[in-house]
Amino acid sequence: MATTDELAVRTEDLGKTYGDTPAVVGLDLAVPRGVTFGFLGPNGAGKTTTINMLCTLLRPTAGRAFVAGHDVVAEPHAVRERLGLVFQETTLDMDLTAQEALRFHAELFGVPWRQSRRTVAALLELVGLTECRSRPVREFSGGMRRRLEIARGLLTAPQVLFLDEPTTGLDPQTRTVIWEHLHRLRQERGITLFLTTHHLEEAEHCDLLAIMDNGQVEVEGTPAELKAEVAGDTVLLRTRDDVAAARVVGERFGIEASSGPEGVRLSVADGAAFVPKFCAEAGIPVVSATVTPPSLDDVFLHHTGRTIRAERSGPLTVEDVGRRR
Ligand SMILES: Nc1ncnc2c1ncn2[C@@H]1O[C@H](COP(=O)(O)OP(=O)(O)OP(=O)(O)O)[C@@H](O)[C@H]1O
């Protein structure tokens, strides 16, 4: 197992209770340096509480946590020196220009003036805001503000950048742009990104994911591992004789299949391997074949009883509960 020093974030039985409300319970995390780690979970799962404890904004009521090898309670200053934070809500001063906002922040953090000029210019370039550096933040779009906040989070050259729902409220196109910048940042600086999210698309960008519900981690792994664990590929075949094809799938391949107006539907671990095998061996002409891999929404539903899409738009529905496996 990696030691605390080799990990960007490590928690041991970490917990937080607000009065009688347990928000985070027995959290054990080990996040390697240099990865993009995503915390996925429904509203109220405990994601923000966890980030706030890791960033020394909130004192844990149980367990321990280390960021870049330092204890968040015993060495808060060492932790703060090594992290950057991008909050869920914007905290920018609308009257400042992009450049002023960064320089002001650099001054607050005691970055020397000469160094600050260079750092600010490099960060504006990194997030693609050099052209707009003299415009007031008030005139910026939501995506530009987010990029500026990411640049601000990087001013102190952190080893770990925490981002609480980095692209919430942004349109899909802007989300893509933000992610291009985050990937570039990872490549150029090798820092660890630790983020919370409700978005499937965002979760897909992560190297490692943990799904949290009711203050606890339900499951952890790479997006591919989590998907493979929950369900196989869905294969939809259209053939010259769907009824016979469904029977052959059962008899010859030992896989349960159903035939209906849409064709023959079945679930198999590796759909891309199954289709050519079926074409070669079944003796029934195949007109078309579609292979759909499992989605992170399937994974989220399996572990939390909710779909991410339903989660974003409202509370748990009867349908969601019925779909829980
Ligand atoms: N200051 C507080 N006082 C009391 N309870 C709180 C406080 N902050 C959070 N909670 C409770 O702790 C639990 C976890 O909240 P938290 O904000 O960490 O969840 P989250 O996963 O970040 O949710 P969201 O996705 O909505 O931001 C919830 O039950 C919430 O109501």
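About the thresholds
Residues numbered from 1 in each chain as written. Predicted model: local features only at pLDDT ≥ 70, side-chain atom pairs only at ≥ 80, totals over all residues. Helix = DSSP H or I, 4+ residues; strand = E, 2+ residues; numbered from the N terminus. Buried ≥ 20, exposed ≤ 12 C-beta atoms within 10 Å, placed from the backbone. Contact = placed C-beta atoms within 7 Å. Domains from an automatic or database assignment. Near = placed C-beta within 6 Å. Nonpolar A, V, L, I, M, F, W, Y, C, P; charged D, E, K, R; others polar. Core = buried A, V, L, I, M, F, W, Y, C linked by C-beta atoms within 7 Å. pLDDT = per-residue confidence, 0-100. Pairing = 2+ DSSP bridges. Right-handed = clockwise from strand over helix to strand, strands pointing away.

1. Looking at the overall build of the protein chain
- Along its length, the protein chain carries 13 helices and 14 strands.
- For the protein chain, the spread of C-alpha atoms along the principal axes amounts to about 75 × 50 × 40 Å.
- Each of the 325 residues in the protein chain was classed as buried or not, and the buried ones make up 39%.
- In the protein chain, once contacts between residues fewer than 6 apart in sequence are set aside, the share between residues at least 24 apart is 66%.

2. Focus: the domain arrangement of the protein chain
- According to the domain assignment, the protein chain contains domain 1 (4-222) and domain 2 (232-292).
- Between the C-alpha centres of domain 1 and domain 2 there is a distance of 45 Å.

3. Here's the deal with the site of the ligand
- Taken together, Tyr-18, Thr-21, Ala-23, Gly-41, Asn-43, Gly-44, Ala-45, Gly-46, Lys-47, Thr-48 and Thr-49 make up all the residues around the ligand.
- Contributions of two or more residues to the shell around the ligand are made by strand E2 (21-32) and helix H1 (47-54).
- A total of three residues in the shell around the ligand trace back to one element, the largest contributor, which is H1.
- Within the shell around the ligand, the residues separate by chemical class into three nonpolar, seven polar and one charged.

4. Details of the environment of Arg-10
- By the element assignment, Arg-10 lies in strand E1 (residues 7-18).
- Along the chain, Arg-10 and Arg-64 lie 54 residues apart, while their C-alpha atoms are 8.4 Å from each other.

5. Section: the nonpolar core
- Membership of the largest hydrophobic core comes to 66 residues, with the highest contact counts inside it found for Val-9, Leu-54, Val-67, Val-160 and Phe-162.
- Each residue touching Val-160, except ones within four places of it in the same chain, is listed here: Ala-8, Val-9, Val-67, Ala-68, Arg-82, Leu-83, Ile-191, Thr-192 and Phe-194.
- One finds Val-235, Leu-237, Ala-257 and Leu-266 within the second-largest nonpolar core, a separate group that totals eleven residues.

6. Some points on the confidence of the model for the protein chain
- Averaged over every residue, the pLDDT of the protein chain is 86; the share at 70 or more is 92%.
- Every residue in residues 312-325 scores below 50 in pLDDT, and together they form 14 contacts with partners more than four places removed in sequence or on other chains.
- Interface scoring of the predicted complex returns ipTM 0.96; its pTM is 0.79.

7. Some points on the pairing of strand E8 (residues 192-197)
- Burial runs high along E8: six of the six residues are buried.
- Here five bridges tie strand E3 (residues 36-40) to E8, and the two strands are oriented parallel to one another. Counterpart to Thr-36 in the pairing with E8 is Leu-193.
- In this structure, strand E7 (residues 160-164) lies alongside E8, joined through five bridges in parallel fashion. Of the residues in E8, the one forming a bridge with Phe-162 is Phe-194.
- Chirality of the crossover, the property in question, places the unit of E7, helix H6 (residues 172-189) and E8 among those that are right-handed.

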